[in-house]
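Report on the structure
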Amino acid sequence: MNRVPASTYRLQIRESFDLDAARELLGYLDELGVGWVYLSPILEAHPGSDHGYDVVDPTRVDPARGGAEALARLSAEAHRRGMGVLVDVVPNHVGVESPATNGWWWDVLKHGRDSRFGRFFDVDWAAGRGRILLPVLGDDDQPEPDGAIGNLRVVDGMLGYHDHRFPLAPGTAEDTDDPQVVHQRQHYRLVSWRAADDELDYRRFFAVNTLAGVRVEDRDVFEASHVEIARWFRERLVDGLRVDHPDGLRHPAAYLDDLADLTGGAWVVVEKILEPGEDLPARWNTAGTTGYEVLALIDRVLVDPAGEAALGALDDRLRGGVPPWPELVRANKRHVADTILHAEVRRIAREIAVELEVVPDRAWREPVEEVLVELLAAFPVYRSYLPAGREHLRQAADAVRADRPDLGAALDLVLPLLADRVRAPALRFQQTSGMIMAKGVEDRAFYRWSRLTSLNEVGADPAEFSVAPGDFHAAMARRQAVAPEAMTTLSTHDTKRGEDVRARIGVLAEDPAWWSDTLAALLAAAPAPDAGFAHLLWQAAVGAWPLSRERLHGYAEKAMREAGDRTTWTAPDASYEKAVHALVDAAYDDPAVVALLDEAAAHLAGPGWSNALAAKLLSLTVPGVPDVYQGSELWEQSLVDPDNRRAVDFSLRRRLLADAGPVRPDGPADDGRAKLHVVRTALRLRRDRPDLFARYYPVDATGAAADHVLAFDRGGAIAVVTRLPLGLERAGGWRDTRLHLPPGEWRELLTDRPATAEVGVLLSELPVALLVEAAG
């Protein structure tokens, strides 16, 4: 098997679509041109988990997903076809929602720090006085003044609380059946679910209490948690790995070194989000990232910079003033660090107290915790990797010193410890800063900024409105030189909007006056409780239209609660949410609103499909290994998860594959066969002729519409796409626009005809083209 795939195709493996179902799909993927099949996590997950990131037993393939035998069958068939197998792995945490399903966690709860798995979990035993705090108690079951907890009982040799079951330490229930007494004798303490924000004493994944962090930096934990993964490579079942959330690890570089030893140097990519201008650490033993930074560039090179001011003014007016993006980000990160992730901040403070050998009384603790909150809020990237990235800490410190001179003494106290890579507070700070960034930006600020929501994407900076073609070419040439084997993508299970939703929304930048009028009509027809949020909601609706009522209701609920300014997951405002859901219902029940949405989708569909095909061809041909997210060979109009993890109709795709061809898309309900044709043609070329993709050179154009064409030569394969299609229509088309093609005879593969330098002829059937040198 080739060490580097020509391409990958991501599949969501679950009980309803298991490894055998994936194996049965390999023939279709092979015909599509896919290089490797890319599997979501397949180790045993919490019962009923559809995503698989809540692994409860890392020592075996999930029986619900088909088990080891099904993996062996899939692997054999993939290898027989010359395809590889890529698997997503989760080293940072395990699922602990139901302790009985996780043998390691059960043993720790039963035996405490003396458990043989006690060191596996990142627990601050001192903070809990030797007991792990479990935040499961509902508001109606809070301890009485005497400490009694409601609905607690001893049942079947376990401690029961509603549907929860917890183990009993040996000898703790032999002389009594009083559940309150038994509870007090355990190595854990049941506390309010609200206590997690401030008191939790184990590291978790972001703010998810049911995902407990593991100490994979310790060799015994690494070996125990990778025993099954090691078998995959020893038996040549799997060919590469995608590593989830490396920023949560204590020592990401060391982990990747260990992984390289375990896999024999297999192809490994990491789910690492890079801020604009940030590079992956050079010493990481990986082919590169999963490609969010490329997604951001592709989106932006297809956005008209002329729309920035008008769309910004519109959102500012609707929201009654919008702070600059950096200020919004910092405020939301500060809020997160002060609330749902404050337990993590307090743990850093405790480690600082240990290092300084001080008693962390309130007078000492409060300014230290406050300065940590401010540093985390001002931190400009997801995390540093000391000694690299020390400048990010300096930048944050400078911002705090300028804005909060009252914290100067506390800042001087903590900075030396946070900058010393061998000190526990520095290591903990690095593991925490990414959590704060993710929750503050991706899960809050993205829902409070609706200037052009196609730019509100994971790994992207919404303040960066567009990218000029020259800058795009420079970035791709650099990627070819630095990370030619990294992954590229347009949609993932974490993207906030599917690639073709973003492509259609991007058209708004070309027609902001029309959008302002359309939005005003929508707001008049269906008055909103919050015009700023309605701006975000209606963009999602027109981007995905037509879509089901259920899907738009689901998106509205998640979006407004993630925004957190009018309602939240933990304290929902019923009247506000009722008004928002009434707005969604109007999109289906009010003829005036339905007509406006139908008209908007019809107006945007043509240029939106052009953007979508352009983005897809770019993602499949720029430097890197292209990934196709499940189903996105047809139009991918999903919204945020779990909507983007819906079941895919592969029977439809199989049927359409036979009829796919260069048919220009037509209308909002187009079936997507043109996109399927583009994907198949590009994937087959990358698989069959990898020699044509070894370099990167821009291909220039001249003529009146030269700004509307984007083209490059990969070393024998030339991609050509239409840029800003609405503006092109208004300019009267391609007219005298010509490409400066390299010498030789060229053939256009999508239409299977000789290629010409005349762009109007080249793109007469589709808004994209893929050229190769004609056989002599």
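Quick summary incoming for the structure in this document.

**A word on the overall build of the chain**
When helices and strands are counted, the chain shows 27 helices and 26 strands. The C-alpha atoms of the chain give 27 Å as radius of gyration, which agrees with the globular expectation for 776 residues (28 Å, within 12%). Here the chain holds 776 residues, and the buried ones make up 61% of them. Put simply, of all contacts in the chain between residues at least 6 apart along the chain, 73% involve residues at least 24 apart.

**Some points on empty space enclosed by the protein**
Enumeration over the complete set of coordinates arrives at 5 cavities of 30 Å³ or more. What the largest cavity holds in volume is close to 110 Å³. Lining the largest cavity are L43, V55, P58, V89, V90, P91, H93, V94, V214, S225, H226 and I229. Residue assignment for the lining of the largest cavity shows that the elements contributing at least two residues are β4 (55-61) and β6 (93-95). Class assignment of the residues belonging to the lining of the largest cavity gives a composition of 9 nonpolar, 3 polar and no charged.

**A short note on the layout of surface pockets**
In this approach the atoms are scanned with a rolling probe the size of a water molecule, which exposes any empty space left behind. Estimated volume of the second largest pocket: approximately 760 Å³. Taken together, 34 residues form the lining of the second largest pocket, with L274, E278, D279, E293 and R478 sitting closest to its centre. Broken down by secondary-structure element, the contributors of at least two residues to the lining of the second largest pocket are β16 (288-289), α9 (292-301) and α17 (469-482). The element contributing the most residues to the lining of the second largest pocket is α17, with 6 residues. Per-class residue counts for the lining of the second largest pocket are 18 nonpolar, 6 polar and 10 charged.

**Quick look at the pattern of salt bridges**
For the structure shown, the criterion picks out 72 salt bridges. The residue E77 makes a salt bridge to R80 at a minimum N-O spacing of 2.9 Å. Here E77 pairs with R80, and both are found in helix α2 (residues 67-80), just 3 residues apart, close to one helical turn. Residue R80 is classed as exposed on the basis of its relative accessible area, which comes to 59%. Among the ionic pairs, D643 bridges to R646, the shortest N-O distance being 3.1 Å. Exposure remark for R646: the relative accessible area of 36% places this residue in the partly exposed category.

**Some remarks on helix α13 (residues 362-378)**
When the terminal C-alpha atoms of α13 are compared, their 24 Å separation across 17 residues agrees well with the 24 Å that a helix rising 1.5 Å per residue should span. Of the positions making up α13, those classed as buried are W364, V368, E369, V371, L372, V373, E374, L375, L376, A377 and A378. Looking at the buried residues of α13, the elements they touch are α11 (325-338), α12 (342-356), α14 (390-403), α15 (408-418) and α16 (424-442).

**A word on the side chain of R479**
Turning to its location among the elements, R479 is positioned in helix α17. Here the side chain of R479 touches M487 through a polar contact of 2.7 Å, landing on its backbone oxygen. Contact partners of R479, with chain neighbours within four places excluded, come to T289, G291, E293, V294, P484, A486, M487, T488, P623 and G624.

**Focus: the sheet that holds β16**
With parallel pairing, 8 strands are arranged side by side in an open sheet as β16-β15-β14-β5-β2-β1-β18-β17. Two strands close off the open sheet at either side, each with one partner strand: β16 and β17 (487-488). Where strand β5 (residues 84-89) and strand β14 (residues 240-243) come together, 4 bridges link them in parallel fashion. Residue pairing for β14: V87 is matched across the bridge by L241.

**Quick notes on a nonpolar patch on the surface**
A cluster of nonpolar residues, L356, V358 and L413, forms a patch on the protein surface that exposes about 180 Å² of accessible area. Mapped onto the secondary structure, L413 falls in helix α15.

**What to know about the sheet that holds strand β9 (residues 158-161)**
Strand order in this open sheet of 3 strands is β8-β9-β10, and the pairing throughout is antiparallel. Of all the strands in the sheet, the pair left with one neighbour each is β8 (152-155) and β10 (164-166). For this sheet, the mean angle separating the axes of adjacent strands, direction not counted, is 30°. Note that β9 and β10 share 3 bridges and pair antiparallel.

**Regarding the pairing of strand β7 (residues 132-137)**
Most of β7 sits inside the fold, with 5 of its 6 residues counted as buried. In this structure, β7 lies alongside strand β11 (residues 188-192), joined through 5 bridges in parallel fashion. Looking at the pairing, L137 lines up with S192 of β11.

**Describing the environment of Y555**
Within the fold, Y555 resides in helix α21 (residues 549-563). We classify Y555 as buried; its relative accessible area is 3%. Sequence separation of Y555 and V640 is 85 residues, and the distance between their C-alpha atoms is 6.8 Å. Among residues more than four places away in sequence, those in contact with Y555 are Y447, R497, L536, L537, A540, L639 and V640.

**Examining the packing of helix α19 (residues 512-525) against helix α23 (residues 591-621)**
Contact geometry of α19 with α23 gives a least axis separation of 9 Å together with a crossing angle of 165°. By the angle between their axes, α19 is roughly antiparallel relative to α23. The crossing of α19 and α23 is left-handed. Between α19 and α23, the residues in contact are W514, T518, A521, L522 and A525 and A592, V593, L596, L597, A600, H603 and L604, respectively. When its residues are assigned to classes, the contact of α19 with α23 shows 10 nonpolar, 2 polar and no charged.

**Quick look at unusual backbone geometry**
With an omega of 0°, the peptide bond running from W545 to P546 counts as cis. In this fold, P546 is placed in the loop between α20 (531-544) and α21. With omega at 10°, the peptide bond leading from D641 into P642 counts as cis. With respect to the helices and strands, the residue P642 is situated in the loop between β18 (625-629) and α24 (650-659).

**Quick word on helix α1 (residues 19-32)**
Two residues of an α-helix separated by three or four positions point the same way, owing to the 3.6 residues in each turn. Taking 1.5 Å of rise per residue, the 14 residues of α1 would be expected to cover 20 Å, and the 19 Å separating its terminal C-alpha atoms lies within 8% of that figure. The sharpest bend along α1 comes to roughly 40°, located at L25. Here α1 has its buried residues at L19, D20, A22, L25, L26, Y28, L29, D30 and L32. Where α1 is buried, its residues meet β1 (8-11), β2 (36-39), β4, α2, α24 and α25 (673-688). The distance from a side-chain oxygen at the start of α1 to the backbone nitrogen of D20 is 3.2 Å, and the residue carrying that oxygen is D18.

**Comments concerning the side chain of D107**
The topology assignment puts D107 in helix α3 (residues 103-111). In this structure, D107 is in contact with G112, S115, R116 and F117, ignoring residues within four places of it in sequence.

**Quick word on the packing of α13 against α14**
In contact at an axis separation of 8 Å, α13 and α14 are set at 120° when each is read in the N-to-C sense. The orientation of α13 relative to α14 falls into the category oblique. Here the hand of the crossing between α13 and α14 comes out right-handed. Across from V371, E374, L375 and A378 in α13, the residues of α14 making contact are A396, A397, A399 and V400. Tallied by class, residues from the contact of α13 with α14 come to 7 nonpolar, no polar and 1 charged.

Cut-offs and rules
- Residues numbered from 1 in each chain as written.
- Predicted model: local features only at pLDDT ≥ 70, side-chain atom pairs only at ≥ 80, totals over all residues.
- Heavy atoms only, no water.
- Helix = DSSP H or I, 4+ residues; strand = E, 2+ residues; numbered from the N terminus.
- Rg over C-alpha atoms; globule rule 2.2 N^0.38 Å.
- Buried < 20%, exposed > 50% of the residue type's maximum accessible area, 1.4 Å probe, protein only.
- Contact = heavy atoms within 4.5 Å.
- 1 Å grid on protein atoms, 1.4 Å probe; cavity = no way out; pocket = protein on both sides within 12 Å on 5 of 7 lines; lining within 4 Å.
- Points joined across faces, edges and corners; volume = space filled by probe spheres on them.
- Nonpolar A, V, L, I, M, F, W, Y, C, P; charged D, E, K, R; others polar.
- Salt bridge = Lys/Arg side-chain N within 4 Å of Asp/Glu carboxyl O.
- Expected span 1.5 Å × (residues − 1).
- Polar contact = N/O pair within 3.5 Å; in protein donor to acceptor, adjacent residues only side chain to side chain.
- Pairing = 2+ DSSP bridges.
- Patch = residues over 30% accessible without salt bridge, like charges linked within 9 Å, V, L, I, M, F, W, Y side chains within 5 Å.
- Areas by Shrake-Rupley, 256 points an atom, 1.4 Å probe, with all protein chains shown as cover.
- Axes fitted to C-alpha atoms, helices over the stretch in contact; angles between N-to-C directions.
- Parallel < 35°, antiparallel > 145°, perpendicular 65-115°, else oblique.
- Left-handed = near helix turned anticlockwise from the far one by under 90°.
- Bend = angle between axes of the 7 residues up to and from the residue.

The values are spatial; any link to function lies outside them.
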